[in-house]
Amino acid sequence: MPEAGNSCQDLTRWKKKKPPVRRTVSQICPPPRRPLTVADIRPGMENERLGVVRDSMFQNPLIVKAELGKPRERSCSLPGINFNYGLYIRGLDGGVPEAIGHWNVYKQQPTCPHELTRDYIAMNRGAVKAGLVTARENLHYRQLNDIRISDQDDRRLKKEPPSLPPNMTFGIRARPSTPFFDLLQHRYQQLWVQEQKATQKAIKLEKKQKVILGKLYETRSSQLRKYKPPVGLDALWHMPHFQKVGPHLATFPTEADRQRAFKAHREECAVRQGTLRMGNYTHP
């Protein structure tokens, strides 16, 4: 029985939970890290220096080095533990009780009077009528006669926004879908062929409808262009004992082909260049 009593006491102790300990932000977060000083530097550290060492050297982020296994120091001194970061907004509405009790309505603040724009056209017109031409005279006239444009005239000069239909949709229209069936059926090729045929047909009709002029007579200049001056052929010189010897090589099928080729050569001699009238590529 005493053992059962002890077990009940343990069970009641287990059921009773301790209340959670509330900790402040300053207790949870570690204290702010202050910048390094000369007193914090120990032998063997990365920021150990020789010569004159000042505390301002450890506040320059370009000089301070990161210690092994530690984050880099930002060289900025942070406020104390009791400092609250952020913007403190003071409640002006009274909180929840004030909102439940009555509704606080803010009164609209009076707007400052709108300054009317100056009517330079009317002032320039009045200055010209008064005989004032120079810039100094115009300045004095504007100081004495300050003409302003009334609100009604100002509204009349302003452009009213265009009236848009209620069902208008703003934005860019979507691109139409690609006609895959026309591409697969070569529809665009057929249309192009039809256009080319229609163009050729129109050109033929235009040529037929042209007025045929009368007979064209040739002039002296046109005849001279077609004229081929005859070329005098000199007999080639041959040695006396080779004059009666026939050729050993015949490159033409017949004698008629040979004469035809020589005739064409003689006709083209007038326009050919070179010593033998055979072209620039030949040599004597």
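Residues numbered from 1 in each chain as written. Predicted model: local features only at pLDDT ≥ 70, side-chain atom pairs only at ≥ 80, totals over all residues. Heavy atoms only, no water.

On to the overall build of the protein, then. When its secondary structure is counted, the protein shows ten helices and zero strands. Reading the helices (α) and strands (β) of the protein from amino to carboxyl end gives α-α-α-α-α-α-α-α-α-α. Considering only residue pairs separated by 6 or more positions, the protein has 32% of its internal contacts joining residues 24 or more positions apart. When the accessible surface of the protein is totalled, it reaches about 28600 Å², and 58% of it is carbon and sulfur. (Helix = DSSP H or I, 4+ residues; strand = E, 2+ residues; numbered from the N terminus. Contact = heavy atoms within 4.5 Å. Areas by Shrake-Rupley, 256 points an atom, 1.4 Å probe, with all protein chains shown as cover.)

This paragraph deals with the packing of helix H4 (residues 120-129) against helix H5 (residues 135-144). Interaxial distance between H4 and H5 falls to 10 Å at its minimum, and their mutual angle equals 120 degrees. Considered as vectors, H4 and H5 are oriented oblique to each other. Crossing hand, H4 versus H5: right-handed. Side by side, H4 and H5 meet where Tyr 120, Met 123, Asn 124, Gly 126 and Ala 127 of the first sit next to Asn 138, Tyr 141 and Arg 142 of the second. (Axes fitted to C-alpha atoms, helices over the stretch in contact; angles between N-to-C directions. Parallel < 35°, antiparallel > 145°, perpendicular 65-115°, else oblique. Left-handed = near helix turned anticlockwise from the far one by under 90°.)

Moving on, we come to the side chain of Asn 47. Within the secondary structure, Asn 47 sits in the loop between helix H2 (25-28) and helix H3 (95-101). Here the side chain of Asn 47 touches Lys 65 through a polar contact of 2.7 Å, landing on its backbone nitrogen. Apart from residues lying up to four places away in sequence, Asn 47 is in contact with Leu 36, Ile 41, Phe 58, Ile 63, Val 64, Lys 65 and Glu 67. (Polar contact = N/O pair within 3.5 Å; in protein donor to acceptor, adjacent residues only side chain to side chain.)

Take the confidence of the model for the protein next. For the protein, the average pLDDT comes to 76, and 71% of its residues sit at 70 or higher. Contacts from residues 1-5, a stretch scored under 50 in pLDDT, to residues over four places away or in other chains number zero contacts. (pLDDT = per-residue confidence, 0-100.)

All right, on to a nonpolar patch on the surface then. A cluster of nonpolar side chains, namely Phe 180, Leu 183, Tyr 188 and Leu 191, defines an oily patch on the protein surface of about 410 Å² accessible area. Of all the secondary structure elements, the ones that give two or more residues to the nonpolar patch are helix H7 (180-184) and helix H8 (187-209). Take Tyr 188: it is sitting in helix H8. (Patch = residues over 30% accessible without salt bridge, like charges linked within 9 Å, V, L, I, M, F, W, Y side chains within 5 Å. Salt bridge = Lys/Arg side-chain N within 4 Å of Asp/Glu carboxyl O.)

For the rest of this paragraph, the subject is the pattern of salt bridges. Enumeration over the complete set of coordinates arrives at five salt bridges. Note that Arg 118 is salt-bridged to Asp 146, the shortest N-O span being 3.2 Å. With a gap of 28 residues between them, Arg 118 in the loop between H3 and H4 and Asp 146 in the loop between H5 and helix H6 (151-157) connect regions that are remote in the sequence. Its relative accessible area of 39% is what places Asp 146 among the partly exposed residues. Notably, a salt bridge pairs Lys 226 with Glu 218, separated by 3.0 Å at the nearest N-O pair. The exposed category is assigned to Lys 226, whose relative accessible area is 58%. (Buried < 20%, exposed > 50% of the residue type's maximum accessible area, 1.4 Å probe, protein only.)

Within H4, burial applies to Ala 122, Met 123, Gly 126 and Ala 127. End-on view of H4: buried residues confined to an arc of 135 degrees, all on one side of the axis. Counted as exposed and oriented over 90 degrees from the buried face of H4: Ile 121, Val 128 and Lys 129. Where H4 is buried, its residues touch H5. Downstream of H4 by one or two residues, Gly 131 has phi in the positive range, about 85 degrees. (Arc of directions from axis to C-beta.)

A separate point is unusual backbone geometry. Phi angles above zero are rare outside glycine, and His 186 is one such case at about 55 degrees. The residue His 186 is located in the loop between H7 and H8 in this model.

This next bit is on a positive patch on the surface. A cluster of like positive charges, contributed by Lys 204, Lys 207, Lys 208 and Lys 210, occupies part of the molecular surface. With respect to the secondary-structure elements, Lys 207 resides in helix H8. The exposed category is assigned to Lys 207, whose relative accessible area is 58%. (Lys, Arg positive; Asp, Glu negative; His and termini not counted. Charge placed at Lys NZ, Arg CZ, Asp CG, Glu CD.)

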